[in-house]
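Analysis of the macromolecular model
Listed below, chain by chain, are the residues.
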Amino acid sequence: MKKRVSAVTFHYMLITAGFWMSFCFVSTNAAVYLQGVGYSNAQLGIILALGNIGGAVLSTLIGDFLDRHPRVRHIQVLHVLCLVQAVSLVLLRFRPVSGLLTSVCYTLYCSALMAVNAVNLDLCVRLEHVGADLNFGLARSVGSLAFMVVSVILGVLVERFSHLALLYSGFLVVCFQFASNFLVDRDLRAAETAHPAITEREKVKSLSLVQFIRHHRTFSVLLLGVTIIFMAHNMDGNFMINEIRALGGDASDMGLIAAFQALVEVPVMVFSSRLSKKWSYARYIRLAFVFFVIKILVYALAPSLPFFFAARLLQAPSYALYIVLIVPYADLVIPHQDSAKAQGLLVSVTNLGGVLASLAGGAMFDSLGVRPTMLIAAGIALLGCVIGCLGAKDERTASPSGKAA
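Residues numbered from 1 in each chain as written. Predicted model: local features only at pLDDT ≥ 70, side-chain atom pairs only at ≥ 80, totals over all residues. Heavy atoms only, no water.

1. Overview of the overall build of the protein chain
- Secondary structure summary: the protein chain contains 17 helices and zero strands in total.
- Computed over its C-alpha atoms, the radius of gyration of the protein chain comes to 20 Å, within 12% of the 22 Å expected for a compact globule of 405 residues.
- With respect to the principal axes defined by its C-alpha atoms, the protein chain has extents near 60 × 50 × 45 Å.
- Sequence-distant contacts, at least 24 apart, represent 87% of the contacts inside the protein chain between residues at least 6 apart.
- Total accessible area on the protein chain stands at roughly 16,200 Å², and carbon and sulfur atoms take up 68% of it.
- The distance from the centre of the 31 positive side-chain charges to the centre of the 21 negative ones in the protein chain is 3 Å. (Helix = DSSP H or I, 4+ residues; strand = E, 2+ residues; numbered from the N terminus. Rg over C-alpha atoms; globule rule 2.2 N^0.38 Å. Contact = heavy atoms within 4.5 Å. Areas by Shrake-Rupley, 256 points an atom, 1.4 Å probe, with all protein chains shown as cover. Lys, Arg positive; Asp, Glu negative; His and termini not counted. Charge placed at Lys NZ, Arg CZ, Asp CG, Glu CD.)

Structure representation (structure tokens):
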């Protein structure tokens, strides 16, 4: 008889779906919306860069805050972040043209959303720490499925109506996020009540950000590698519409490609718990880094739209493998009292990669064109791969204190 999905996993699926549906608006469709209201690639690159900087700073500060104030509920932080998103979307609809208001609101929308991911990941660690029955890989796969469905729907809506459809859809998803947060908070409270003796965060003082980086030097090298890899990754993700248009496609094609890309992630995430135990998490993560390089190079050399579409299969052994294993990897090599900080930093460096991609990518796509820009991105990914592999230390050799990390 098949094991049923636990209530905790189902509720975590909801918040994961909510984040990744919103992420579809903020990243994949950013160019569609911002170009629709009059921004150039370089200008939208600056806005995305500022949004990712805001997200990186918020994720890091919130992670540090949660580590230092364990009695603060995650739901309190999440509700503030959802409120910022909702207000930003309303203001964007109030004046849907390029200008200061749009730039500020889109930046705030992006920043608040990116920080949600850091809080959600720490929720995962907290739930598992208190013995909740959570299957993270399965829950994360639902995020990819939700992203897939929304990508298709948005592609159709934008082509049929206009880029303004993104604002209405985004607001509905924020409302969904707000409601689903209550369910996960209830699960966490129940698990904490059932395991009152597990209070490590309240007993052990967490490290400051500077102390964390000094104490966990190898992990910090990994963070640097991830930053560079995600710069290349986001040069594709943030400006995908340019690649597609260069091959003769449009926004509807982008919706289908983004949906297919999300779909191929699902098997890796669903069956991540069944990966061979002969390999450590670190070894799988190093493999994922190699595939990041391969996929960016293949995207750059794609001769046609169907080839570009098929190349999205490489999302499975690269992004999907990395994203589903980095959370448990960090939980193993970093002490629990610093887990929120670790998860926040992992989100921050991916956002920082987005910043670098937005600043460099926007100008490069405008001045160099699509293929030269993506070939440069492949070279950037290779550099990140080398550094990341040096920082991905086998967690089986890490000490319980996390000093080896």
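2. Some thoughts on the packing of helix H6 (residues 136-160) against helix H12 (residues 251-270)
- Running from N to C, H6 and H12 cross one another at 170°; their axes reach a closest spacing of 8 Å. In terms of their interaxial angle, H6 and H12 are classed as roughly antiparallel.
- Grouping the amino acids of the contact of H6 with H12 by side-chain chemistry returns 15 nonpolar, seven polar and three charged. (Axes fitted to C-alpha atoms, helices over the stretch in contact; angles between N-to-C directions. Parallel < 35°, antiparallel > 145°, perpendicular 65-115°, else oblique. Nonpolar A, V, L, I, M, F, W, Y, C, P; charged D, E, K, R; others polar.)

3. Here we look at the packing of aromatic side chains
- Counted under the stated rule, the structure contains 18 aromatic pairs.
- A centroid spacing of 5.1 Å and a plane angle of 50° characterise the contact between Trp 279 and Tyr 284, whose relative ring orientation is tilted.
- Residue Tyr 284 is classed as buried on the basis of its relative accessible area, which comes to 9%.
- By the ring-pair criterion, three or more aromatic residues cluster together here, those being Phe 19, Trp 20, Phe 23, Phe 230, Phe 289, Phe 292, Tyr 319 and Tyr 322.
- Taking NZ or CZ as reference, Arg 312 lies 3.8 Å from the ring centre of Tyr 299, over its face. (Phe/Tyr/Trp six-rings, centres within 6.5 Å; stacked < 30°, edge-to-face > 60°. Buried < 20%, exposed > 50% of the residue type's maximum accessible area, 1.4 Å probe, protein only. Lys NZ or Arg CZ within 6 Å of the ring centre and 35° of its normal.)

4. A closer look at helix H17 (residues 370-391)
- If you check H17, its first and last C-alpha atoms are 31 Å apart, about what 22 residues at 1.5 Å a residue would give, namely 32 Å.
- Every buried residue of H17 is listed here: Thr 373, Met 374, Ala 377, Ala 378, Ile 380, Ala 381, Gly 384, Cys 385, Ile 387, Gly 388 and Gly 391.
- Buried positions along H17 lie against helix H10 (217-237), helix H11 (240-246), helix H13 (281-301), helix H15 (316-333) and helix H16 (339-367). (Expected span 1.5 Å × (residues − 1).)

5. Observations regarding the packing of H6 against H15
- Taken N-terminus to C-terminus, the directions of H6 and H15 make an angle of 135°; their axes are 10 Å apart at the nearest point. Classified by the angle between their axes, H6 and H15 sit oblique to one another. Handedness of the crossing formed by H6 with H15: right-handed. The residues of H15 that touch H6, namely those facing Phe 136, Gly 137 and Arg 140, are Tyr 319, Ile 323, Val 324 and Val 327.
- For the contact of H6 with H15, the residue count by class is five nonpolar, one polar and one charged. (Left-handed = near helix turned anticlockwise from the far one by under 90°.)

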